[in-house]
Amino acid sequence: MVGLQGWHLVIIIVLALLLFGAPKLPGLARSMGQSLRIFKSEVRQMKDDDPKSETIDGTVNDSNPNEKNNS
C-alpha cells in the first residue's frame, strides 16, 4: 500500500462537499480540530500521570530501575 496520492485527496474532497455541503465544512473542520486537540491533551496527560511507559516493542520501562521486583 503506497499511501494517499493527489487524486485520492481530490476524490475525498469532492465526496466531503457532496455529503456535507460547502457551508457546513468550516464548522465540521473546526469541531474536528477541537476534538483532536482535546484527545491529544488527554493522551499527554495520561502519559504524564503514568510512571511506567511502554516502548514500541511492548516492554515496560520502570521509572525506578534500582527497585527490585518481589514476584
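These numbers come from a predicted model, not from an experiment.

**What about the overall build of the protein chain?**
The secondary structure content of the protein chain amounts to two helices and two strands. Of the regular secondary structure in the protein chain, the N- to C-terminal order runs α-α-β-β. Evaluated residue by residue, the protein chain yields a buried proportion of 1% over its 71 residues.

**Here we look at the confidence of the model for the protein chain**
The share of residues in the protein chain with pLDDT of 70 or more is 68%, and the mean pLDDT across the chain is 79. Within the protein chain, the element-level pLDDT minimum falls on strand β1 (residues 53–54), averaging 58, and the maximum on helix α2 (residues 25–49), averaging 92.

**Structural notes on the UniProt feature "transmembrane region" (unreviewed entry) in the protein chain**
Feature annotation in UniProt assigns "transmembrane region" (unreviewed entry) to the following positions: residues 6–22. Across residues 6–22, the secondary structure splits into 88% helix and 0% strand, with the terminal C-alpha atoms separated by 21 Å.

**Things to note about a nonpolar patch on the surface**
Residues W7, V10, I11, V14, L15 and L18 make up a contiguous nonpolar surface patch of about 620 Å² in total accessible area. Topologically, V14 is positioned in helix α1 (residues 6–20).

**Remarks on α1**
Given a rise of 1.5 Å per residue, 15 residues ought to cover 21 Å, and the 21 Å separating the end C-alpha atoms of α1 matches this to within 8%. Phi turns positive one or two residues past the end of α1, at G21, with a value near 80°.

Cut-offs applied
Residues numbered from 1 in each chain as written. Predicted model: local features only at pLDDT ≥ 70, side-chain atom pairs only at ≥ 80, totals over all residues. Heavy atoms only, no water. Helix = DSSP H or I, 4+ residues; strand = E, 2+ residues; numbered from the N terminus. Buried < 20%, exposed > 50% of the residue type's maximum accessible area, 1.4 Å probe, protein only. pLDDT = per-residue confidence, 0-100. UniProt positions renumbered as here; feature names shortened; annotations may be inferred. Patch = residues over 30% accessible without salt bridge, like charges linked within 9 Å, V, L, I, M, F, W, Y side chains within 5 Å. Areas by Shrake-Rupley, 256 points an atom, 1.4 Å probe, with all protein chains shown as cover. Salt bridge = Lys/Arg side-chain N within 4 Å of Asp/Glu carboxyl O. Expected span 1.5 Å × (residues − 1).

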